[in-house]
Amino acid sequence: MNSHVFAVAWLLWPLLCVGRLPAYLEPHFTNLPSSQANHENFSNPNHMEEVSTYESPSTNDGTTRPGRRVIITSVWLECNTRSLVTNVRSTELKATNVADGLRRIPAGFYVSVSIADEHWRTSNNPMDPTTGVAEWNDPIDLPLDVSAEVNVQIYALFEPGNTIEQLEGELLHKRSITVAELIEHSRSSRPIAFSTTEGDVVSSGTCLQVTTETLSPADDSEVVHCRAAARRADSKADDEPQATVSGQNYIHPRDGHQESPFKRAGRKVKALISSVFRARGSSNVSNTVLTAVEQRSNRADLDEAIEHHRSALQLMRGGHPGRSSSLSNLGTSLQSRFKQRGDGKDLDEAIECHQSALQLRPEGHPQHSSSLNNLANALWIRFEQRGDGKDLDKAIEHHQGALQLRPEGHPQRSLSLNNLAGALQTRFEQRGDGKDLDEGVKHHQGTLQLTPKGHPQRSTSLNNLATALWTRFEQRGDGKDLDEAIEHHQGALQLRPEGHPQHSSSLNNLAGTLLTRFEQRGDGKDLDEAIEHHQGALQLMPEGHPQRSSSLNNLANALRIRFQQRGDGKDLDEAIEQQQGALQLMPEGHPQCSSSLNNLANALWIRFEQRGDGKDLDEAIEHHQGALQLRPEGHPQRSLSLNNLATTLWTRFEQRGDGKDLDKAIEHHQGALQLMPEGHPQRSSSLNNLAGILQTRFEQRGDGKDLDEAIEHHQGALQLMPEGHPQRSSSLNNLATALRKRFQQQGDGKDLDEAIEHHQGALQLTPEGHPQRSLSLNNLANALRTRFQQRGDGKDLDKAIEHHQGTLQLTPEGHPWHSSSLNNLAGALGTRFQEQGDEKDLDEALQLSYAAVEQSVTDFSHLTAEMHLASLHLILWSTQHMEKNLQDAMYHYKEAAEFAHANLFEGLSCCQQWITVAEQNHHMSALDAYTKTLHLLDYHISATTSVLSQHQTQKHFPPDLAVNAASCALRQGNTCLAVELLEQGRALHWTQIARFRTSLEDLYSQDPSKQVLVGQFQNLSALLNKCAEVSFTHDKFIAEARQQQYRNLLEQWNKVVDEIRTIKGFSHFLLPPLFADLQEAACQGPIIILIASQFSCDAIIVLYMQPPIHLPLKMTLEELHDLVLQLGQNYQHPQGPDYSIFIELMDELWKKVIFPVVQKLKAFMRRHSHIWWCPTSIFTALPLHCAGEYKHGGQVLSKLFVSSYTPSLSALIKAHTRSTKMTQEITFAAIGQATPDTSLTTLKFSPLHYIEHELDGIEALLPIPSVMFTKVMGLEATRDQALQMLVDNQWLHISCHGRQVPEEPFKSCLAMADGLVSLLDIINANISTHEFAFLSACETAMGDLSTPDEVIHLAAGLQFMGVKSVIGTLWQVRDDVAYKVVLAFYKEFCKNGTLDCTMAARALHAAVATLAKDGVSLQDRAMFVHIGI
């Protein structure tokens, strides 16, 4: 058999995931010698969320706060001053921009504080000349009455000398503020701004940073600093922290440095909010608003803050010394809004602001390094959003520049090391250059060295180094890196004991790395400890805590993993419950609501896969749709939601088989790819996802374009993963599986060799211990086995078995892919038994196969397992010849067919294999196999949009399926079923069109109350018919949009049809007709069905109200092919057809086919009675009506009966039963075109000389008084005019050039003055009430020999579309012969002075007989045929 391999990238992205998206390969397991494949999927590996490192923006004096590299952010901890405070003390004061506006620099500054009658004064401190900052560390006790007013004054001393402490200074600024406001400013790190009064000469930008401490009753010496805990640092002030884990993604904090050291206390609460204050109060207002934005997520506040920053910038034009800081602040705020709303314009403007600030701070400027850092961080953000590698390279370049300006000993060196390390790590994850990762680790190690034991930032450095080591472990698999990462996280946790504001973050990070180690080594202690740490983190976030939802999410993730390992449903239920709780904590409008919806949807999807409750899957899709709605065009996470929704829709398609879900999933994956243009870091994963689902659709519908496109996308993904890239093995595997699939479809050995080469490359990249090694072993084994089946090299088969055994060892009992591994190994062993005959191989294969059947859990895996067992029992049958083995094989084929809905395309392949085996062994189940296959094929074709697409789709299936089914029924003695199967399996395209053009007049006349239902059916049918009429397009997006529209309409149409079938008398509405219904076709005369099958050639005479008559024919299919070949060669002979050869062929046709039928007909039919032929298969290419013993003057069919043809019994029934629209006049149009324009087509036509004479002769013969005659010729006979005449006239005669197009039969045409009237045009025309058409042109009834049972030619198209009676030609006809036949026909047809379409057959019969007397050769007369009544 041909075994298949399939790899799908399942990417359920995590909450806020902007990091790498690995390609996830799924093993594909196959059967034994059958042609079926089994698609199995491994579970997804981890994702890691990447977040940039940022340095805080410049403050008023130009200094910068250190950045913090974070992946999972710590929680917000509120400082409850009322419950802790027994005394309040000011411990630190810092004034910025204190000397702005002064004409000379003071010798020093001091601050005076007055409360009621008490006064304090700080020491006199000089200003730092480079930063413009003056600082004091003098403690000042404040009253417990928080409403008390505090008067703050700043003085400058201009007198130098040692007695400066006793001097009185000049008052610069003063401000009144309450104790409560002081505490609030301290806890939020918001400086106190001093406004300028009338006449002041100093800067209005001066502000005072006050740090207060509250002393607890337990220990007055311990200080509680109201500052923010370390969290994600960004280039904007006060990023809203996020701590989320989604799906299988672990998010670890990468903390950065903070400017002020942490001070330990019994209950420490820290909050650091960066605020920037600028000129004339605008910055004060904007930063106050910005703080509110970040605390309340208020969009209006953020807009207000940005407007204030713009106002401040406008006040600092030209060379204002504060302009660079104002630019930096505006850029920071714009970045904040971008992250909240995703508008790329904000990010671009932010970068422009930072670039402008950098230009104002050239080399040598004290803030040059800070501006480099800020610009680098903004570029980093843009890279993560758009994927332009130039942004990332520039960001690294600027970070390197900042680091060079911060040499050994510089206070900000550790910050630059940290930021550069983070950017390098990001570049590694995008390009896979291990040097970047190693350099990142090195810089993190350097950062740690600058934060020795006792350093307040040591825990942060430990955390960041741990995260980098964890990343390197994920790429190279060196357990030492993982162990060291865990060690560092444990060290960080020790430095953050209970009460430390980062304790919960360290608990979370340590939990994440422990989870990773658990997944690598399987030690349950690691998993349990990880859950314990997540539970500890959650306990630190009680009800009402702003980060409780994030902690709930992280714990839910760990519980889900434990569920997947131990199968305790309580863990999964608890995980979902906690994620639902997390969602409830995010009210409508919350910025993280979409992320929470995403995470809950992922968990529900997992539970669905475990328990199969469709409600979970539907709810997951609903939540993903909700998340997508919250992420409109331009949102940075829209591609994530498109991807996740596509994945769940894909899952639902695989469960329920609704093609709409598959098409919608492809649409979403295409949308995700469009959001990831060239250079985007996630483009490779998106290419992989789209390729995988296109491959699924190929397997469903068999359109090779889907497979070719899938391979193209896989190749594109591989190009984005060069040597050393961490996901290269996955990409190699995916491309290999697609190439192998194409080899199985097209047989190009190059595809197979390339697939094996890629699988071998993937295996080399997955050494022992690699989590994907079992997948690589399995896929390589399948490819080698396929090559063995093609070339017979036993080494390939032995190696395949070796790899399958290795796969089974890596997927032991309990592993989700254990049954598939059993199945694959069994298949390979069965193949080797067939080759080498070792019964041990067969016994082991059977044992493994039964185990696989018992453990298969999905419909498709069960289908594969059953097919596999069927193949093994066939092997036993071939070797032992025990009837039970054959019966068992047929049983398993039948069981497999019951699951065909799991994969329609593979299910059809399964049924075809069942047919083959049953026919080979003459088993009675063959008839069941045919019946099932025809039903699936009809369903498969009906799901395809246009008639052109349907025709292409059917070419993937055997063209003789229907005739073989009929032959099988005849061989089993069931003639009626043979007729039913023929009607069901032939002319499928016409059947689909007829379904959508069915009238419900009978239903409405019986029950007028069903008017609404009838209207729905008619409207939907009209829309579907319009879809079917649309011409084929090569634009895949247009085609897929049409397909989606078609499927939506088809679903609604099917529901209406189901409702109609519930009405009495309509239970069989539009179902395949029963024989009793089909007999109606013989109401005017017998119908002879000729069946040409590889198993037998037969004739069935269908009689009205009588049992059918079966006549076995003494002619084989090979003899028929030879007869058709000789006939074609004779007609195509350069010297013209040889009459003697033609009559010899007609004699053979008479003896072996026609004579047995005539003998039977003579028993109950009068001479010259009207009979109908319904040829199938190769019979459609023969002039049956011309058969006879011409050579010896014996019997000739045309002298015994009048012959007509019908493409199907249903078409003839329709012609018989359709009532004629009574009009006073008959509208008859004659269209003639002798010289068509060939410039617009590749077809070439010579002039016709008898067209005008022919049409004039018709006009002369018609009974004009009762006929409204219209004649169109020459330049007036255009394409549009011909189509209009076709619609407007119930009687038609067309004389012109005609051409059958074998490769594309729906493009068969009639040539007009300016173009071609194609068969597709005829299908689109409304001719349902037409009576008669004479096509006096070449090849109008010729048909397509590649699909003869579809009867695709111009004459059949007219008849199927509604014309009761049609005359056409089998081959090319000479102009003069056509002229003679036409005149003879109309002379006979009109001789009674009336027109009756039912007399057309007899008129043609008489005309041809007349021409025989005029010397027209038999082969020329033979080409005219009548179709219909």
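Residues numbered from 1 in each chain as written. Predicted model: local features only at pLDDT ≥ 70, side-chain atom pairs only at ≥ 80, totals over all residues. Heavy atoms only, no water.

Undergrad: Would you take a moment to explain the overall build of the chain for this structure?
TA: Looking only at helices and strands, one finds 50 helices and 26 strands in the chain. Of all 1429 residues assigned to the chain, the portion counted as buried reaches 63%. Put simply, of all contacts in the chain between residues at least 6 apart along the chain, 71% involve residues at least 24 apart. Accessible area of the chain: about 54,300 Å², with a carbon and sulfur share of 49%. (Helix = DSSP H or I, 4+ residues; strand = E, 2+ residues; numbered from the N terminus. Buried < 20%, exposed > 50% of the residue type's maximum accessible area, 1.4 Å probe, protein only. Contact = heavy atoms within 4.5 Å. Areas by Shrake-Rupley, 256 points an atom, 1.4 Å probe, with all protein chains shown as cover.)

Undergrad: Got a minute to help me understand helix α11 (residues 458-476) in this structure?
TA: An α-helical turn contains 3.6 residues, so any two residues separated by three or four positions project in the same direction. In this model α11 runs 27 Å from its N-terminal to its C-terminal C-alpha over 19 residues, within 8% of the 27 Å that 1.5 Å per residue would give. Most of α11 sits inside the fold, with 17 of its 19 residues counted as buried. One or two residues past the end of α11 sits G477, with phi positive at roughly 75°. (Expected span 1.5 Å × (residues − 1).)

Undergrad: Is there a simple way to think about the sheet that holds strand β21 (residues 1298-1299) in this case?
TA: Adjacent strands of a sheet pair through backbone hydrogen bonds, lying either parallel or antiparallel. Judged by pairing direction, the sheet is antiparallel, and its three strands sit side by side in the order β21-β22-β23 without closing on themselves. The sheet is open, and its two borders are formed by β21 and β23 (1316-1318), each paired with just one other strand. Where β21 and strand β22 (residues 1309-1311) come together, two bridges link them in antiparallel fashion. Considered in β22, the bridge of R1299 is made with C1309. (Pairing = 2+ DSSP bridges.)

Undergrad: I keep staring at the pairing of strand β5 (residues 118-121) and nothing clicks. Help me out?
TA: On any regular strand, side chains alternate: one points to one face of the sheet, the next to the other face. Pairing between strand β4 (residues 108-115) and β5: four bridges, direction antiparallel. Opposite S114, over in β5, you have H119 as the bridge partner.

Undergrad: Even after reading the chapter, I still don't get the nonpolar core, so can you show me in this structure?
TA: Membership of the largest hydrophobic core comes to 181 residues, with the highest contact counts inside it found for I1154, W1173, F1332, F1385, Y1386, F1389 and F1424. For I1154, the residues in contact, after removing those within four places along its chain, are L1149, W1173, L1184, A1187 and L1197. Listed in part, the 36 residues of the second largest apolar core include F563, A601, I666 and I693. (Core = buried A, V, L, I, M, F, W, Y, C linked by side-chain atoms within 4.5 Å.)

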